[in-house]
Amino acid sequence: MRRTIAIVAAAALVISCAAFMGRPAIPKTRSGAQVHVLAPADRSQVDPSGSVPVAVRVDPPLDPATLRVRLTTGRHGDTKVIDLTSRLARNGSTFTGALAPSDLIPGLSTIEATAGPARGRDERDRVFSTFSFEPALDLATATRCDVLDSKKCLLPFPNDWFTTPDKSTDTGRRVDFAAASMPANKSGVHIDPTEWNRNDGFSPGSAILAFVPNLDLGKSGAAPITDIGRSLQRNQPIVVLDATTGRRWPFFAELDAQADPPNAPVLIVRPARNFIEGHRYVVALRDLRDHSGASIAPSRGFEIYRDRIPTFSPVIEGRRSHMESIFRTLDRAGVERSDLTLAWDFTVASTRNLSERMLHIRDDAFASLGNAAPAFTVTNVKDNVDANIFRQVTGTFSVPNYLTGTGAPGSVFHTGPDGLPQRNGTFTASFICNIPRATTADGNDPVHPARAGVYGHGLLGSNDEVDAGNVKAMSNEHNFVFCATKWSGFADEDVGTAISSLQDFSNFPKMADRTQQGFLNTLFLAKLMRSPTGFVANAAFRAGASHTPVLDTSDVFYDGNSQGGILGGAATAVSNQWTRAVLGVPGMNYSTLLQRSVDFDTFKLILGPAYPDELDRVLSISIVQMLWDRAEADGYAQHMTNHPYENTPAHKVLLHMAFGDHQVANVATEVEARTIGAFVRQPALAAGRDTALVPLWGIPAIPRFPFDGSALVVWDSGNHAPPDANLPPEPDSVYGPDPHEKPRSQVAARLQKSEFLRTNGAVVEVCGTSPCLAP
């Protein structure tokens, strides 16, 4: 939006500023006057950083000795008049002096100068110079920062002020962050905005950030995480309005509980369901209260627009028409202008912008296969592994590489002139496959071909997580061959890149790009499992005298836990291989997850020293989410189930949530469930277990079993409910042990997963009439 200023500012300044105020017209000097106010210039914006020079000249035939100079400053009854005549020093026909900041009231001020002839009673010449004085506004940075919230340059956030028109994008806008406006680390290095400025809007999971001094959310009546339904009430002091549809959007508001004392915490408003791609939203804060219950005044930057206070700043006036459109939108929604403390708008990135690179590499890579399976090499076969697994097969497979170099950690997309990733050789990925004894007890007949399952591992881990006891148990109990590859971009080998990103977020594109290559690798692994010329063509995947394939290639499914649930949601949304997925203890939106996870405690030891200001950390994580959307479920969730991408099937997803999870916050799982249109199994929890007024608000109950749709099932291990703030549930006497791994360890949960992961599967009841327990 900032680049529109030059176009509209001239027109805005031609219009009398008084038209915005409902005040008498700004005084005009008649032509031919012989008295001249040289400084401050008429219709100028004076520098508020020091004294304001005053200069007046009297031309013949007028007598300089008759000069009278008067200042009128202020508005609406709060005015003062100062006779400046005696404060001016004469040098011939010119008089000079200065106004101290204390002489002026913010807003418009007018200097009136009059003079007459030495004798006679002729009419005195009268001239005026009207100027604007706004000491609370940093106009030097106003083109790249927002005057609405002076606490941090990019507040409020997200914000269309930091975009520019672009007819080539689907939203008609493009993000336009200035490098000097981005948060800087302790070394003074600002986040490089280059990759962010490819976006045509902001994250669909954007945390809305604003600084409101002394804000008390309780006294204000803002909707907390425990009462999301309140966010839609007409008297709600925080309003998030879908400007495209005119409907209010559900959210919960919180103050940053990790703010550095004694700094006041920033306001965080989080969507209860992801914002719709490509839509514009208006945020309104009104009638906010401090700890004493007193009303909080708006910032001067916002007051200028709300109260139609004119300025002579091209930057300020160039934005005024857009602010007026925001006020009109809010007025139609029943939000009165005079009640507002702050209001602004933002646009959500389009579907194409969020997914184009990933879908491009998927379609290009699979087109290169034709009808063939990916090339692979078996490097090791181990029989009689344990009581659950008869054979483990390890090896590598080839995937088109769309990263720079060999695709090693730290690489980014190898892009062409069109900005899309271009193939750059071959990426070699590893796989581990476990063949259960349920398929073949000892390698001999009978052979019962197993269902094919792709397994997704956890945080910065490895594909050897497929060897975990619960995964092996699932494999043998329900006859699954689970194969796993590494989540390239978010595996153990990417820890170094993760650390460098926390030290300088300019490095984060390396993680986002490589994770998308990881999604492609996972889809190619699925193709190997279901192709008749894939794994089953190799003797390692056959058994018995007749060399029967150990894999049923008619279908393939996905099962992942923790990070495997988070990234697995994204991989499922773009999957052209599987249509059913189980996401164990999942969530989405790392800008919500990080501060609520005990896993982040270790990484904060790196992030904290690099970005010592908590507000910078919160803002940076929200900015990073704009790219993280390409590398986790948050950017793909609206297409995970019933609204698939082009050339992509619809999917059905089963979410297993551990109540009070210490690693993946329940709130992130619930937002995901609402966004993908999942239903929840009831009773989800015993009465009183959740602190929410309406637990699992906005998620409809499964009407009957078996249920052929996407679903959320809550597993309760009896530990304490999670904190009602952006804090992790640290394992102590209050929150108890972490239930994160409990659901996958339950025999009943694995049965439910198995029944769902069938070609014609469904969600079945495994807990009777009680909540599902995971002791």
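Structure first, text after, so check above.
Residues numbered from 1 in each chain as written. Predicted model: local features only at pLDDT ≥ 70, side-chain atom pairs only at ≥ 80, totals over all residues. Heavy atoms only, no water.

### Points about the overall build of the chain
Across its full length, the chain carries 14 helices and 31 strands. For the C-alpha atoms alone, the extent of the chain along its principal axes is close to 130 × 55 × 45 Å. Within the chain, the proportion of its 775 residues that are buried is 60%. Relative to all contacts within the chain whose residues are 6 or more apart in sequence, the contacts with residues 24 or more apart total 74%. Carbon and sulfur atoms provide 52% of the accessible area of the chain, an area that totals close to 28,100 Å². The average position of the 73 basic charges and that of the 81 acidic charges among the side chains of the chain differ by 6 Å. (Helix = DSSP H or I, 4+ residues; strand = E, 2+ residues; numbered from the N terminus. Buried < 20%, exposed > 50% of the residue type's maximum accessible area, 1.4 Å probe, protein only. Contact = heavy atoms within 4.5 Å. Areas by Shrake-Rupley, 256 points an atom, 1.4 Å probe, with all protein chains shown as cover. Lys, Arg positive; Asp, Glu negative; His and termini not counted. Charge placed at Lys NZ, Arg CZ, Asp CG, Glu CD.)

### Some points on the packing of aromatic side chains
In total, this model carries 28 aromatic pairs according to the counting rule given. Measuring from centroid to centroid gives 4.2 Å for Y590 and W628, while their planes differ by 15°, and the two rings are stacked. Of the two residues, Y590 sits in helix α10 (residues 590-593) while W628 sits in helix α12 (residues 614-628), which places them 38 residues apart along the sequence. Like Y590, the residue W628 is buried in the burial classification. Aromatic ring contacts, followed pair by pair, group W487, F519, Y558, W578, Y636 and Y645 into a single cluster. The ring centre of F211 lies 4.6 Å from the NZ or CZ of K151, which sits over that ring. (Phe/Tyr/Trp six-rings, centres within 6.5 Å; stacked < 30°, edge-to-face > 60°. Lys NZ or Arg CZ within 6 Å of the ring centre and 35° of its normal.)

### Let's talk about the sheet that holds strand β12 (residues 208-210)
The strands that make up a sheet pair up through hydrogen bonds in the backbone, lying either parallel or antiparallel. On the basis of which strands lie adjacent, the open sheet formed by three strands has the order β12-β16-β15 and antiparallel pairing. Either end of the sheet is taken by a strand with one partner, and the two such strands are β12 and β15 (251-255). Between one strand and the next, the sheet's axes are offset by a mean angle of 20°, whatever the strand orientation. Here three bridges tie β12 to strand β16 (residues 267-271), and the two strands are oriented antiparallel to one another. Bridge pairing in β16 links A210 to L267. (Pairing = 2+ DSSP bridges. Axes fitted to C-alpha atoms, helices over the stretch in contact; angles between N-to-C directions.)

### Observations regarding the packing of helix α8 (residues 508-530) against α12
Where α8 meets α12, the closest approach of the two axes is 9 Å, and the angle between their N-to-C directions is 30°. By the angle class used here, α8 and α12 are roughly parallel. The way α8 lies across α12 gives a crossing that is right-handed. Where α8 abuts α12, its residues F508, P509 and A512 lie against V624, L627 and W628. (Parallel < 35°, antiparallel > 145°, perpendicular 65-115°, else oblique. Left-handed = near helix turned anticlockwise from the far one by under 90°.)

### What to know about the sheet that holds strand β14 (residues 247-248)
The strand order β14-β13-β17-β18 describes an open sheet built from four strands, whose pairing is antiparallel. Among the strands making up the open sheet, the edge pair consists of β14 and β18 (340-347). In terms of strand pairing, strand β13 (residues 238-242) meets β14 through two bridges, oriented antiparallel. Each bridged residue has a counterpart across the sheet, and for L241 the counterpart in β14 is R248. Relative to β18, helix α4 (residues 314-332) is tilted by about 105°, and along the sheet it contacts β13, β17 (280-286) and β18.

### Regarding the packing of helix α7 (residues 495-503) against helix α11 (residues 600-610)
The angle between the axes and the distance between the axes are what describe a pair of packed helices. Relative to each other, α7 and α11 sit at 30°, their axes nearing to 8 Å. Packed against α7, whose contacting residues are I499, L502 and Q503, the element α11 presents F603, I606, L607 and A610 at the interface. In the contact of α7 with α11, the residues fall into six nonpolar, one polar and no charged. (Nonpolar A, V, L, I, M, F, W, Y, C, P; charged D, E, K, R; others polar.)

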